[in-house]
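Each chain, letter by letter, is given below.
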Amino acid sequence: MTDQVARKERSTTAATARRISAVVTLVAATALLLGGSAMWLIEREEPSRTVDSWGDALWWAVTTLTTVGYGDHIPVTTTGRLIAVALMAVGVAVLGGVAAVVALVVAQAVAAAEERALEAETEAVEHRIEARLDALDARLARIEDRLRLVAERAEADRR
């Protein structure tokens with residue numbers, strides 16, 4: 001593979017990783033803001049609430065989205081719990097997206113290293129084959145020279 005093609009593939013992989021990262025970041029930020037805000041709007045009037053401010057609701061959304069879930073803030077209403085379930089699902093998806101980006105970058109790096117090793121090995125094999133072919137060419141030339149001499153002697157002997 002040429003360097004230009006390899007560079008283009010690396011560039012495409014990097015662009016894909018950036019797009020996935022941007023989407024994951026956008027989804028996470030949106031989920032945090034929407035989930036935290038919805039939690040605050042739904043539970044702020046509940047007497048048994050554990051979320052006392054919009055900041056607490058955002059903190060709850062961060063800990064829920066990241067699957068940490070300290071338990072210091074929990075939804076007490078059914079709607080709040082449904083929001084929590086949705087936020088947990090988004091959190092797992094976000095973690096999957098992050099894992100996908102890491103896997104993509106690592107796989108590309110490993111593939112590039114393997115490609116360089118294979119190219120080096122191929123080049124070494126090509127050099128060995130060329131050297132062997134050169135030796136065979138020289139040997140064949142000597143054999144042809146001897147055959148010519150033998151043919152000339154045989155012709156001279158017949159005369």
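Note that the structure is predicted; figures quoted are calculated from it, not measured.

(A) Highlighting the overall build of the protein chain. Broken down by element type, the protein chain carries 3 helices and 0 strands. Along the protein chain, from the amino end to the carboxyl end, the secondary structure elements read α-α-α. On C-alpha atoms alone, the protein chain measures out to a radius of gyration of 35 Å, which is more than a quarter above the 15 Å that the 2.2 N^0.38 rule sets for 159 residues. If you line up the protein chain on its principal axes, its C-alpha atoms span 125 × 25 × 20 Å.

(B) Spotlight on a positive patch on the surface. A cluster of basic side chains, namely Arg-132, Arg-139, Arg-142 and Arg-146, defines a positive patch on the protein surface. Along the chain, Arg-139 falls in helix α3 (residues 78-158). The exposure class assigned to Arg-139 is partly exposed, which follows from its relative accessible area of 49%.

(C) Main features of the packing of aromatic side chains. Counted by the stated rule, this structure contains 1 aromatic pair. Ring centres 5.9 Å apart and planes at 10° place the aromatic pair Trp-59 and Tyr-70 in the stacked group. Separated by 11 residues along the polypeptide, Trp-59 in helix α2 (residues 54-65) and Tyr-70 in the loop between α2 and α3 bring together distant segments of the chain.

(D) Here's a closer look at the pattern of salt bridges. Inspection of the entire model under this criterion finds 4 salt bridges. The salt bridge involving Arg-148 is made with Asp-145; its shortest N-O contact spans 2.9 Å. A residue pair is termed a helical-turn pair when its members lie 3 or 4 positions apart in one helix, as Arg-148 and Asp-145 do in helix α3 at 3 residues. Between Glu-155 and Arg-158 there is a salt bridge, and its shortest N-O distance comes to 3.1 Å. Remark: Arg-158 and Glu-155 occur in helix α3; sequence separation between them is 3 residues, near one turn of the helix. Owing to a relative accessible area of 33%, Glu-155 belongs among the partly exposed residues under this scheme.

(E) Looking closely at the environment of Val-94. Take Val-94: it is sitting in helix α3. Note on Val-94: relative accessible area 12%, which makes it buried. Residues Val-94 and Gly-55, spaced 39 residues apart in sequence, show a C-alpha to C-alpha distance of 22 Å.

(F) Structural context of the confidence of the model for the protein chain. In the predicted model, the protein chain carries a mean pLDDT of 90, and 97% of its residues have values of at least 70. Confidence scores differ between elements of the protein chain, with helix α1 (residues 3-43) showing the lowest mean pLDDT of 86 and α2 the highest of 93.

(G) Highlighting a negative patch on the surface. A contiguous patch of negative charge, built from Glu-119, Glu-123, Glu-126, Glu-130, Asp-134 and Asp-137, is present on the exposed surface. Classification of Asp-134 as exposed rests on a relative accessible area of 53%.

(H) Representation of the environment of Leu-26. Looking at where Leu-26 falls in the secondary structure, it is placed in helix α1. Expressed as a C-alpha distance, the spacing of Leu-26 and Val-94, which sit 68 residues apart in the sequence, is 9.9 Å.

The rules behind the values
- Residues numbered from 1 in each chain as written.
- Predicted model: local features only at pLDDT ≥ 70, side-chain atom pairs only at ≥ 80, totals over all residues.
- Heavy atoms only, no water.
- Helix = DSSP H or I, 4+ residues; strand = E, 2+ residues; numbered from the N terminus.
- Rg over C-alpha atoms; globule rule 2.2 N^0.38 Å.
- Patch = residues over 30% accessible without salt bridge, like charges linked within 9 Å, V, L, I, M, F, W, Y side chains within 5 Å.
- Areas by Shrake-Rupley, 256 points an atom, 1.4 Å probe, with all protein chains shown as cover.
- Salt bridge = Lys/Arg side-chain N within 4 Å of Asp/Glu carboxyl O.
- Lys, Arg positive; Asp, Glu negative; His and termini not counted.
- Charge placed at Lys NZ, Arg CZ, Asp CG, Glu CD.
- Buried < 20%, exposed > 50% of the residue type's maximum accessible area, 1.4 Å probe, protein only.
- Phe/Tyr/Trp six-rings, centres within 6.5 Å; stacked < 30°, edge-to-face > 60°.
- pLDDT = per-residue confidence, 0-100.

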